Amino acid sequence: MIEKIMRLENGFPEDHRPNHVLVNEYLPGQGIMPHTDGPAFFPLISTINLGGHTFLDFYEPIMGDDAKPLEERFIGSMFLEPRSLILINENAYKLLHGIKERDLDTMNEKVFNRGDLPIGMELKREATRVSLTIRNVPNVAKRSIMSLLKKT
């Protein structure tokens, strides 16, 4: 899997080869607050979406004293279908991203990859969703768990 991601046109640079996978499970309707992944994983994270679909929402970050409400900073969404891969890099990496808690997603003009799907189409979140966030963690401990247990 990592080799396939490395070969993608906008994939990981060789000096930031993925070495970490975070697995999260979301029940239908669950979300995650808008956040950034911070500088530690720059310049790229990738996520494989399994199980149910979701909308990954993007927001402008808070800049200085400009504390506009979150909804006013909303840019748009990516429709994450089951078995899809998303790469977040470059300018998108600096944006906040999150998933709203809701049971129903509605296609609208702010869904970047809507394609031919009709505006107003409703998609019920019925399946458990699992996300595999694949990234490079620059400071990986070189010790094994066994060496740590021997010290206790």
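Note that the structure is predicted; figures quoted are calculated from it, not measured.

## Things to note about the pairing of strand 3 (residues 44-51)
Item 1. Among the eight residues that make up strand 3, six are buried, leaving the element largely enclosed by the rest of the structure.
Item 2. Looking at chain direction, strand 3 and strand 6 (residues 84-89) are connected through six bridges and run antiparallel. Each bridged residue has a counterpart across the sheet, and for Thr47 the counterpart in strand 6 is Ile86.
Item 3. In terms of strand pairing, strand 3 meets strand 10 (residues 129-135) through seven bridges, oriented antiparallel. Within strand 10, the residue paired with Asn49 across the bridge is Ser131.

## A word on the packing of aromatic side chains
Item 1. Under the counting rule described, the total for this entry stands at four aromatic pairs.
Item 2. Ring geometry for Phe55 versus Phe79: centroids 5.8 Å apart, planes at 75 degrees, classification edge-to-face. Linking Phe55 in strand 4 (residues 54-59) with Phe79 in strand 5 (residues 74-80), this pair joins segments that are 24 residues apart in sequence. As far as the burial class goes, Phe55 and Phe79 line up, both buried.

## Considerations on the nonpolar core
The nonpolar side chains of soluble globular proteins are, as a tendency, buried together.
Item 1. Counting 11 residues, the largest nonpolar core consists of Phe41, Ile45, Leu56, Phe58, Leu80, Ile86, Ile88, Tyr93, Leu95, Ile99 and Val137.
Item 2. Of all elements in the fold, only strand 4 and strand 6 reach the threshold of two or more residues within this core.
Item 3. With residues up to four places along the chain from it excluded, the contact list for Ile45 reads Phe12, Asp37, Ile86, Leu87, Ile88, Tyr93, His97, Ile134 and Arg135.
Item 4. If you look at the next biggest cluster of nonpolar residues, it comprises seven residues, including Met6, Leu44, Leu132 and Ile134.

## A word on the pattern of salt bridges
Item 1. Enumeration according to the criterion identifies six salt bridges in this entry.
Item 2. Across the salt bridge formed by Glu3 and Arg17, the nearest N and O atoms sit 2.0 Å from each other. Of the two residues, Glu3 is situated in helix 1 (residues 2-7) and Arg17 in the loop between helix 1 and strand 1 (20-26); the sequence distance between them amounts to 14 residues.
Item 3. Relative accessible area serves as the criterion here: at 30%, Arg17 is assigned to the partly exposed category.
Item 4. Glu60 serves as the salt-bridge partner of Lys68, at 3.8 Å between the closest nitrogen and oxygen.
Item 5. Take Glu60: its relative accessible area is 35%, and that puts it in the partly exposed class.

Conventions adopted
- Residues numbered from 1 in each chain as written.
- Predicted model: local features only at pLDDT ≥ 70, side-chain atom pairs only at ≥ 80, totals over all residues.
- Heavy atoms only, no water.
- Buried < 20%, exposed > 50% of the residue type's maximum accessible area, 1.4 Å probe, protein only.
- Helix = DSSP H or I, 4+ residues; strand = E, 2+ residues; numbered from the N terminus.
- Pairing = 2+ DSSP bridges.
- Phe/Tyr/Trp six-rings, centres within 6.5 Å; stacked < 30°, edge-to-face > 60°.
- Core = buried A, V, L, I, M, F, W, Y, C linked by side-chain atoms within 4.5 Å.
- Contact = heavy atoms within 4.5 Å.
- Salt bridge = Lys/Arg side-chain N within 4 Å of Asp/Glu carboxyl O.

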